[in-house]
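Listed here are the chains, written in short residue letters.
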Amino acid sequence: MKLIKVEAEGFKSFADKISLSFDGGVVGIVGPNGSGKSNINDAIRWVLGEQSSKALRGDTMDDVIFSGSKTEKPMDKSIVTLTFDNSDGEVSIPHKIFTISRVLERGKGNNTYFINDQVVRFKDIRDIAYESGISKSSLAIISQGTVSDIAQATPEQRRGIIEDAAGTSKYKSKKVEALRKLEKTTETLDKVNTVVEELEKQLKPLEKQSEKAQIYIAKSNELKEVEVALLVNDLLHYKERVEILKNEIDGFQETKEDLEQKIQIDEQKLNDNLEYKKNLDEEVIELSKELDQINEKLQALEIQFKNEEMRREMIISGQISTASHERINALKKELESLSSQINHLESWKDKTSEELGIKRREIEKIEMQVAELRMRENSSKTKLMKAKSKLDVLNDYKDSKSNLFKGTKTVLDNGTLFKNKMFGTVADLISIPEKYILAMDSILQNAVQHIVVEDSETAVKIIEFLKDNNGGRATFIPLSSISSKEIKSEYLVKIRTHSGFIGIASDLVSIDPKFDVLVNFLLGNVIVVEDIKIANEISHLVDKKYLVVSLDGDLIRPGGIMTGGTKQNSNILGIENQIEQIKNIIPQLEEIVLLASQDISKLESLKGERQSYIDQLTIEFVKNNEKLISIKEKFSSLKIDYESHSQEKFKESNIQSIDVELNNYRDKKSSLSATIKSKKDKLEQLTNVINQLQKSKKELEKSLRLIIESFSDKATEKTKADFYINDANKRLSEHYHLTFDSARENFKLTKSIEESRQIVSTLKTEISELGNVNLDAIQMYQEIKERHNDIYKDKVELEEAKRIINEAIAEMDKIIISRINNTMDIVNEEFNLVFKEMFGGGEARIFLLDSNDPLESGIDIKAQPPGKSIQNLKLFSGGEKSLIAISLLFAIIKAKPLPLCILDEVEAALDEANVVRFAEFLQKLKQDTQFIVITHRHGTMSRVDALFGATMQKRGVTSFFSVELAKAKELINSYNE
Ligand code: ATP
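A brief structural summary. Please read all numbers here as calculations on a predicted model, not as lab measurements. (Residues numbered from 1 in each chain as written. Predicted model: local features only at pLDDT ≥ 70, side-chain atom pairs only at ≥ 80, totals over all residues. Heavy atoms only, no water.)

When its secondary structure is counted, the chain shows 22 helices and 22 strands. Projecting the C-alpha coordinates of the chain onto the three principal axes gives extents of approximately 240 × 75 × 45 Å. By residue count, 44% of the 977 residues in the chain fall in the buried class. Within the chain, contacts between residues separated by at least 24 positions form 73% of all contacts whose residues are at least 6 apart in sequence. On the chain, roughly 51,600 Å² of surface is accessible, and the fraction owed to carbon and sulfur atoms is 50%. (Helix = DSSP H or I, 4+ residues; strand = E, 2+ residues; numbered from the N terminus. Buried < 20%, exposed > 50% of the residue type's maximum accessible area, 1.4 Å probe, protein only. Contact = heavy atoms within 4.5 Å. Areas by Shrake-Rupley, 256 points an atom, 1.4 Å probe, with all protein chains shown as cover.)

Okay, structure coming up:
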């Protein structure tokens, strides 16, 4: 590669554009001091990427821009372009001729580099400099006064020079790079090793846990297959059993209730009858006492009467012989007594007939009352029966949830799975007074079946559960997602006083306060009114903005769409109300039945008593009637007797007081006897009834006992079965997340029940023996294992990389050592020769300070001019130092030819003979190296191939011109003069 042109403008003293063309060989540049010769050197260094302003003899980089002179203004920009001939392809640029330029603008600090006028990076320029060997650290450019530095340099600096010549810098920088890589690789490898160790520490326990978890999963899956099928089998069995038991228990229950009711009624009757009997006993005692007194009185009167009557009869019959008038008198008295009896019996008959009529009517009345009570009792019994069976139906309906959608039912059946986060259906939570049921049903429609949950996450879980189990669809209201709705106050003011307005739907129902938001969300903006007519009026008042509903369930929706007609309750809302109502009605009806039965029994007793009284009185009546007939007969015959003997008509007069009294007492006795008899009859009857009741009650109680015993066995069995069903369902839903239906569909027993139970028990024991199981361990183990594998691969790769880098470094070291040794050998050979030639004898060589460390060792110079034995280079004279340095320089150039070498007054300190030798050396070396020599010396300039003269014709601005040697001499001479 050859430098064929230097162009500059604005660089240092080159205010005018300069252009120097070269054609290889040795080019000399001559000119007076300060004319700008060395600026050419600076310009070349600058373009090649010099970054140090000091090295360019300035303070800042802007100092390289022409700073003006007395006649010239400062310039703002400096540009230098070098043109190279790259025909030998030394530089890997695909051009035979190429240019590199550097431009700097004052105050901007940014240097711009160009290759062939294309902007390039600084690095691209550096690459060319390195590639070609013209780099700032090489010997290619030796500035004024620095040549002896080569001799005086430190061993390390000198080594740098030799390394440049040996071309090891490429390897060195590669080695540095490799070492950096090695360091990084080692660092990374260390980190990777730490991670590998850490992972390996974690892997061991995790592997065990993972194995345990896998065993757990396998056993759990096996258990699931058998246990679920077994649960389904058992559930089917127990459900069937429960159904049978339920029917039996229902039957028992009915019988039990029936028996209890009967016992209660018997007891009540028994108590009533005992009470009745007690009262009756007392009455009979009282009445008997009274009767005894009457009898006592009557007995005395009867004796007196009998005696008198006997005497009269004996006088009348003639058994006692008396005077005729005495007999007539006795007849009269007897007639008077008989007449009195007849009258009395007649009147008694009338009175008794009347009384019998009264008593019979009373009986009729009692019978009517009893009939009425029986009707009431029967109708209440029928109602009771109906109520009980309706209650059964409603309870069944409620328990079976058969009125619900499949999804809603599935969720409620498996409610325990979602525990505190699922609260039931809207219908379960809101309690609605009976009169608003139709309206609310109409508003809520299907929403009554919506399931209220805590949050949307719960809803998502339940929906997934429904999907997994094909459990149907359900709608959810997450409490955390809803907000209250309301009716604007301006509308409320308008409608509140409107007649027929009932209220805001949310105010008409009740709910646990924690669900207030639910009620306000569903019903907070719904208006309830009396009827559809009022609904229409109110809907207009609220500008058809809100839903208005009538008590009948007719609706006007926001916007005005109306729905109405007859409406049936969907039977979901209000089922609780209905159950509640029936539960309240049943005891009322039972009370009515009981009271009616009590009243009937009392009335029946009363009727019996009355009847017995009537019977007694009737007997008395017959008796007295017969008595009356016989008295009347006797009276008629005695009357004839009397009238025939007294010759006068019998006239009733002078009724004997005894007769009156006797009749009175007889009346009293007869009436009292009848009463007592009737009461005694009743008592007898009552005793029978009481005995009967006691017997029947005992029998009923015995039956009840037996029923209860049997009932309790069945109830215990049912409780156990219910408990098992509940437990099994819970296990299915909570543990296996299965509904009964999906479990039944997908799990079948494959072995006998006994065998299956054995398997389940064994597996459960085995699983529990596993102890704590970390299911996450499987995933964690997999992840960490993968990570370990990956990072282990990295470790292997890094180790391999490290090995390769080390190998490369060793290889590079080998090359460096071999190149250094090689170069030093060649340089030493030349150095000795050149030195000898320059010094006219003696010897010189360079050597490694530490031969054991050829990679790093510094290099020293040993120079022995003829006849001298100087060890320290510093002790040589300036000229000697220059000579040694130039000798070494030439030796190196010879060993490793440079494409271009700029020598700025390097021979200044030499004597003329040595200048000549120097110049001749240049000629020898020019085959391989292009020289630009800045010089003041004749010996040099007379031995160059071309010369340029530098002048500062205008003060402060350099211009160059090509000069002939003779002219140059003149020029030099003129300066020297
Ligand atoms: P010598 O023979 O004494 O070594 P030289 O010919 O090598 O001299 P240079 O060192 O190349 O001279 O040039 C120095 C000249 O360049 C000085 O006159 C200096 O004023 C001028 N110069 C340096 N930098 C600038 C600049 N930025 N603007 C204007 N002139 C500059």
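Still more to cover.
The geometry of helix 5 (residues 169-317) relative to helix 17 (residues 753-769) is characterised by a closest axis approach of 9 Å and an angle of 145° between their N-to-C directions. In the packing of helix 5 onto helix 17, the handedness of the crossing is left-handed. Contacts between helix 5 and helix 17 involve Tyr 216, Lys 219, Ser 220, Glu 222, Leu 223, Val 226, Glu 227, Leu 230, Asn 233 and Asp 234 from the former and Ile 753, Ser 756, Arg 757, Ile 759, Val 760, Leu 763, Lys 764, Glu 766 and Ile 767 from the latter. Considering only residue class, the contact of helix 5 with helix 17 consists of 9 nonpolar, 3 polar and 7 charged. (Axes fitted to C-alpha atoms, helices over the stretch in contact; angles between N-to-C directions. Left-handed = near helix turned anticlockwise from the far one by under 90°. Nonpolar A, V, L, I, M, F, W, Y, C, P; charged D, E, K, R; others polar.)

Residues Lys 170, Lys 174, Arg 819 and Lys 896 make up a contiguous surface patch of positive charge. Along the polypeptide, Lys 896 turns up in the loop between helix 19 (878-895) and strand 19 (900-904). The class of Lys 896 is partly exposed, set by a relative accessible area of 38%. (Patch = residues over 30% accessible without salt bridge, like charges linked within 9 Å, V, L, I, M, F, W, Y side chains within 5 Å. Salt bridge = Lys/Arg side-chain N within 4 Å of Asp/Glu carboxyl O. Lys, Arg positive; Asp, Glu negative; His and termini not counted. Charge placed at Lys NZ, Arg CZ, Asp CG, Glu CD.)

Looking now at the environment of Lys 208. The residue Lys 208 is located in helix 5 in this model. In this structure, the C-alpha to C-alpha distance between Lys 208 and Ile 778, residues 570 residues apart in sequence, is 9.6 Å.

It is worth spelling out the sheet that holds strand 7 (residues 118-120) at this point. Taken in spatial order, the 6 strands of this open sheet run 2-1-4-5-6-7, and their pairing is antiparallel. Of all strands in the sheet, those with a lone pairing partner are strand 2 (18-21) and strand 7, marking the two edges. Sheet twist, expressed as the average angle between the axes of neighbouring strands with direction ignored, equals 20°. As paired strands, strand 6 (residues 111-115) and strand 7 are joined by 3 bridges and run antiparallel to one another. Residue pairing across strands places Phe 114 opposite Val 119, the latter belonging to strand 7. (Pairing = 2+ DSSP bridges.)

Next up on the list: the nonpolar core. One finds Ile 44, Leu 82, Ile 100, Phe 831 and Ile 884 to be the most contacted residues of the largest nonpolar core, which totals 104 residues. When residues in this core are grouped by element, the largest group, 12 residues, is from helix 18 (residues 776-839). When residues no more than four places from it in sequence are discounted, the contact partners of Phe 831 are Ala 844, Arg 845, Ile 846, Ile 861, Ile 884, Ser 887, Leu 888 and Ala 891. Grouped together as the second largest cluster of nonpolar side chains are 47 residues, Val 448, Leu 466, Phe 515 and Val 526 included. (Core = buried A, V, L, I, M, F, W, Y, C linked by side-chain atoms within 4.5 Å.)

The subject of this paragraph is the packing of helix 4 (residues 155-166) against helix 18. It is the contact of helix 4 with helix 18, at a shortest axis distance of 9 Å, that shows an interaxial angle of 100°. Taken together, the axis directions place helix 4 and helix 18 in an arrangement best described as roughly perpendicular. Contacts between helix 4 and helix 18 involve Arg 159, Ile 162, Glu 163, Ala 165 and Ala 166 on the former and, on the latter, Ile 816, Arg 819, Ile 820, Thr 823, Met 824 and Val 827. Along the lines of polarity and charge, the residues of the contact of helix 4 with helix 18 split into 7 nonpolar, 1 polar and 3 charged. (Parallel < 35°, antiparallel > 145°, perpendicular 65-115°, else oblique.)

For the rest of this paragraph, the subject is a negative patch on the surface. Together, Glu 783, Glu 786, Asp 790, Asp 794 and Glu 797 line one region of the surface with negative charge. Here Asp 790 shows up in helix 18.

Our focus in this paragraph is the sheet that holds strand 15 (residues 555-556). With respect to topology, 5 strands assemble into an open sheet ordered 12-13-14-15-16, the strand pairing being mixed. Each edge of the open sheet is held by one strand with a lone partner, namely strand 12 (501-504) and strand 16 (562-563). Where strand 13 (residues 526-529) meets strand 14 (residues 547-550), 4 bridges bridge the pair, whose relative direction is parallel. Pairing of Ile 527 across the sheet is with Val 548, part of strand 14.

A word on the pattern of salt bridges. Close approach of charged atoms allows side chains with opposite charge to pair. One pass over the structure, following the stated rule, counts 56 salt bridges. A salt bridge links Lys 12 to Asp 42, with the nearest nitrogen and oxygen atoms 2.7 Å apart. Pair noted here: Lys 12 is in the loop between strand 1 (2-9) and strand 2 and Asp 42 is in helix 1 (residues 37-47), with a separation of 30 residues, a long-range link. Exposure remark for Asp 42: the relative accessible area of 3% places this residue in the buried category. As a salt-bridge pair, Lys 533 and Glu 537 come within 3.9 Å of each other at their nearest N and O atoms. Note that Lys 533 and Glu 537 are positioned in helix 13 (residues 532-541) at a spacing of 4 residues, about one turn of the helix. Glu 537 gets classed as partly exposed once you look at its relative accessible area, which sits at 34%. If you follow the salt bridges from partner to partner, you end up with Lys 306, Glu 309, Arg 312, Glu 313, Glu 334 and Lys 634 in one network.

Bringing the side chain of Gln 449 into the picture now. Relative to the assigned elements, Gln 449 resides in the loop between helix 9 (437-444) and strand 10 (451-453). Of the polar contacts made by the side chain of Gln 449, one reaches the backbone nitrogen of Phe 405; its length is 2.8 Å. There is a polar contact of 3.4 Å between the side chain of Gln 449 and the side chain of Thr 408. If near-sequence neighbours (up to four positions away) are discounted, Gln 449 is found in contact with Asn 403, Leu 404, Phe 405, Thr 408, Thr 425 and Ile 572. (Polar contact = N/O pair within 3.5 Å; in protein donor to acceptor, adjacent residues only side chain to side chain.)

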